[in-house]
Amino acid sequence: MSADILLLIDTIEDKLSSGYYDLIGILNHFDQDAIKSKMIISSRNKILPQVPENKCHDLDILNVLNDKFKHPIPQAFSKEILSRLNGVKPKYICLPHNMRGCQIAADLAINLNTSVVSGVDALIQKDDQVLLKKSVMNGKWITETAPLNYPVIFTINQGAFSAQEDIYIDIDEDIISYEEIEISDDSYTSLNISSMDDDNSSIEDAEVVIGAGRGAEDEDVIELIHEFAKFFKNGGVGASRPLCDAGIFPYSHQIGETGKVISPKLYIACGVSGSNQHIAGVRQAQEIIAINKDPQAAIFQIADIGVVASLEEFLPILLGAL
Ligand SMILES: Cc1cc2nc3c(=O)[nH]c(=O)nc-3n(C[C@H](O)[C@H](O)[C@H](O)COP(=O)(O)OP(=O)(O)OC[C@H]3O[C@@H](n4cnc5c(N)ncnc54)[C@H](O)[C@@H]3O)c2cc1C
């Protein structure tokens, strides 16, 4: 396989997984005249993705097709990739940082006898090397990792590389090829996939997320928060872990280190103290507004706008004004 960077992405019911724009956005961080990039997409039906205008001119896309890829099958996808490497290995193999991306990354690393760097937030060009930047210890430290051997496999955090200013256009069909493949691995078949969300809205896809923390656990305040979210065209409600542990929200709404990592345009933290474990899930938000009655709350350290107020008093005034 002739490529310096290999990008891997799957689909769910003919829709590219949510990490696609970050994956393609990563190409902006490499000198595109000097590298060859290839993307492999697994899907049931033919996919025609959008690509950034004037970028990725040297991108070559392969869509591997099989009916079983209606839902992702990570082990079948990684087997397919390994079968195509044939001794010619890319320098970088990149996947979205989600459960399936990590599973494929681990599988490839074992077979290629190389290492994985997971949850990368940025790439830094230093001399002739690309360093991988990521946060560790619940966001307390930032590390820069220099790969010692190649290929280096890494997973990228959602929102870390998708550029807002990019204009996406329909792909030039010349750069995509389609190939029906056999899947011999029958260790499992995915029969069905359904949303765990009670309201069917995913906080990962929402542009504005209202985060409810323990300061918002009162039933009336939760109701106000849902009302507030409805005000936005693509709004969703997330929660801190204590609210999920208490059963006030399903775990599919939990934001943070052990919940979801989100990258909305706006995150509005309501009664959230700002623990490192929670912040780990919202660091990529473009703007953060915090509403908290304690002026010393840690959330104000990362907020672009802070409102010191009690939610019971502030939210009705705000909603009345909207
Ligand atoms: C291994 C591990 C993993 C974890 N993973 C996660 C995770 O993924 N996500 C997560 O969220 N947490 C996680 N936690 C828990 C985390 O450490 C914190 O305990 C949690 O984030 C705190 O949630 P909170 O901010 O809602 O509550 P609190 O820390 O109790 O903060 C409540 C805030 O609300 C404010 N407040 C109270 N009443 C009002 C009011 N009426 N009006 C306005 N403000 C008010 C208070 O001033 C306070 O700042 C994890 C912990 C561990 C140990």
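Reading guide: rules and limits
Once a new chain begins, its residue numbering starts again from 1 and follows that chain's sequence as written. At least 70 in pLDDT is required for a residue's local features to be given in this predicted model, at least 80 for side-chain atom pairs to be given and counted, and no such filter applies to totals for whole chains, interfaces and linings, which use all residues. Helix and strand definitions follow DSSP, with helices as H or I runs of at least four residues and strands as E runs of at least two, each counted in order from the N terminus. Each radius of gyration is computed over the set of C-alpha atoms, and the globule rule expresses the reference value as 2.2 Å times the number of residues to the power 0.38. Residues with at least 20 neighbouring C-beta atoms inside 10 Å of their own are called buried, those with 12 or fewer are called exposed, and the rest are partly exposed, where every C-beta is derived from the backbone. Remark: residues whose backbone-derived C-beta atoms lie within 7 Å of one another are considered to be in contact. By convention the nonpolar core is taken to be a set of buried residues drawn from Ala, Val, Leu, Ile, Met, Phe, Trp, Tyr and Cys and joined through C-beta atoms within 7 Å. Near, for a residue, is defined by distance from a backbone-placed C-beta atom to a molecule or strand, with 6 Å as the limit that must not be exceeded. Basically, the charged four are Asp, Glu, Lys and Arg, the nonpolar ten are Ala, Val, Leu, Ile, Met, Phe, Trp, Tyr, Cys and Pro, and anything else, Gly included, counts as polar. Pairs of strands are assigned from DSSP output, requiring at least two bridges between the strands. Helix axes use the C-alpha atoms of the stretch in contact, all axes being lines fitted to C-alpha atoms, and the angles between their N-to-C directions lie in the range 0 to 180 degrees. Any angle that is under 35 degrees is reported as roughly parallel, and any over 145 degrees as roughly antiparallel; angles of 65 to 115 degrees are reported as roughly perpendicular and all others as oblique. Left-handed describes a crossing in which the near helix is turned anticlockwise from the far one by less than a right angle; the clockwise case is right-handed. Helix span, expected: 1.5 Å multiplied by one less than the number of residues in the helix. Taken from the helix axis, the directions to the C-beta atoms give the arc we talk about. Boundaries of every domain are those given by an automatic assignment or by a domain database.

1. Some words on the overall build of the protein
When you go through the protein residue by residue, the secondary structure sums to eight helices and 18 strands. Compactness check: the protein gives a C-alpha radius of gyration of 21 Å against a globular reference of 20 Å for 322 residues, within 12% of the reference. With the C-alpha coordinates of the protein rotated into their principal frame, the extents come out at 65 × 50 × 35 Å. Counting over 322 residues, the protein shows a buried share of 38%. Taking all contacts inside the protein whose residues are at least 6 apart in sequence as the whole, residues at least 24 apart take part in 67%.

2. Overview of the nonpolar core
Counting residues in each nonpolar core, the largest one holds 41 residues, and the members touching the most others are Leu7, Leu8, Leu23, Cys94 and Ile156. When contributions to this core are tallied by element, the ones reaching two or more residues are strand 1 (5–12), helix 1 (20–25), strand 3 (37–43), strand 5 (59–65), helix 2 (74–85), strand 6 (92–96), helix 3 (99–112) and strand 11 (152–156). Among the elements that make up this core, the one with the highest residue count is strand 1 (five residues). Residues Ile210, Ile262, Cys270 and Leu315 belong to the second largest nonpolar core, which totals 35 residues.

3. Quick notes on the site of the ligand
The environment of the ligand is formed by 26 residues, the closest being Gly213, Gly215, Ser240, Gly256 and Ser273. Elements with a minimum of two residues in the shell around the ligand: helix 5 (241–245), helix 6 (276–279) and helix 8 (311–321). Partitioned by chemical class, the residues of the shell around the ligand number five nonpolar, 15 polar and six charged.

4. Points about the sheet that holds strand 17 (residues 287–292)
Spatially, five strands are ordered 15-14-16-17-18 in an open sheet, and the strand pairing comes out parallel. The open sheet has two edge strands, strand 15 (235–239) and strand 18 (305–308), and neither has a second partner. Mean inter-strand twist for the sheet, computed between neighbouring axes without regard to direction, equals 15°. By the bridge criterion, five bridges tie strand 14 (residues 208–212) to strand 16 (residues 266–270) in an arrangement that is parallel. In the sheet register, Ile210 faces strand 16, and the bridge partner there is Ile268. On the sheet, helix 4 (residues 219–230) packs against strand 14, strand 15 and strand 16 and is oriented at approximately 150° with respect to strand 15.

5. Quick look at the packing of helix 4 against helix 8
Packing of helix 4 against helix 8 leaves a shortest axis separation of 10 Å and a crossing angle of 30°. In terms of their interaxial angle, helix 4 and helix 8 are classed as roughly parallel. The way helix 4 lies across helix 8 gives a crossing that is left-handed. Here Val221, Leu224, Glu227 and Phe228 of helix 4 come into contact with helix 8, specifically with Leu311, Glu312, Leu315, Pro316 and Leu319. Within the contact of helix 4 with helix 8, the residues separate by chemical class into seven nonpolar, no polar and two charged.

6. Structural notes on the packing of helix 2 against helix 3
At a minimum axis separation of 9 Å, helix 2 and helix 3 run at an interaxial angle of 40°. The angle between the axes of helix 2 and helix 3 places the two elements in the oblique class. For helix 2 against helix 3, the interelement crossing comes out right-handed. Contact residues: helix 2 offers Pro74, Gln75, Phe77, Ser78, Ile81 and Leu82, while helix 3 offers Arg100, Gln103, Ile104, Asp107, Leu108 and Asn111. A per-class count over the contact of helix 2 with helix 3 returns six nonpolar, four polar and two charged.

7. Here we look at the pairing of strand 15
Strand 15 sits mainly inside the fold: five of its five residues count as buried. Every second residue of strand 15 is oriented toward a common face, with Gly235, Val237 and Ala239 on one face and Gly236 and Gly238 on the other, all of them buried. Summarising the sheet, strand 14 and strand 15 pair through five bridges and their orientation is parallel. Counted as the bridge partner of Val209 is Gly236 from strand 15.

8. Remarks on helix 4
Here helix 4 is 12 residues long and its end C-alpha atoms lie 17 Å apart, about the 16 Å a rise of 1.5 Å per residue gives. Of the residues making up helix 4, those classed as buried are Leu224, Ile225 and Ala229. Considered in projection along helix 4, the buried side chains sweep an arc of 140° and stay on one side of the axis. Seen from the buried face of helix 4, the exposed residues on the opposite side, beyond 90 degrees, are Glu219, Asp220, Glu223 and Lys230. Tucked inside the fold, the buried residues of helix 4 contact strand 14, strand 15, strand 16 and helix 8.

9. Here's the deal with the domain arrangement of the protein
As assigned here, the protein comprises domain 1 (5–180) and domain 2 (208–321). Each of domain 1 and domain 2 has a C-alpha centre, and the two are 31 Å apart.

10. Structural notes on unusual backbone geometry
In terms of backbone geometry, most residues other than glycine have negative phi values and most peptide bonds are trans. In this structure, the amide linkage connecting Tyr150 to the following residue, Pro151, adopts the cis form with an omega of 5°. The residue Pro151 is located in the loop between strand 10 (141–145) and strand 11 in this model. Backbone geometry places Asp14, a non-glycine residue, at a positive phi of 70°. Here Asp14 shows up in the loop between strand 1 and strand 2 (15–16). Taking the C-beta count within 10 Å as the criterion, Asp14 has 12 such neighbours and is therefore assigned exposed. The backbone phi angle of Asn113 is positive, close to 55°, even though this residue is not glycine. With respect to the element layout, Asn113 can be found in the loop between helix 3 and strand 7 (116–120).

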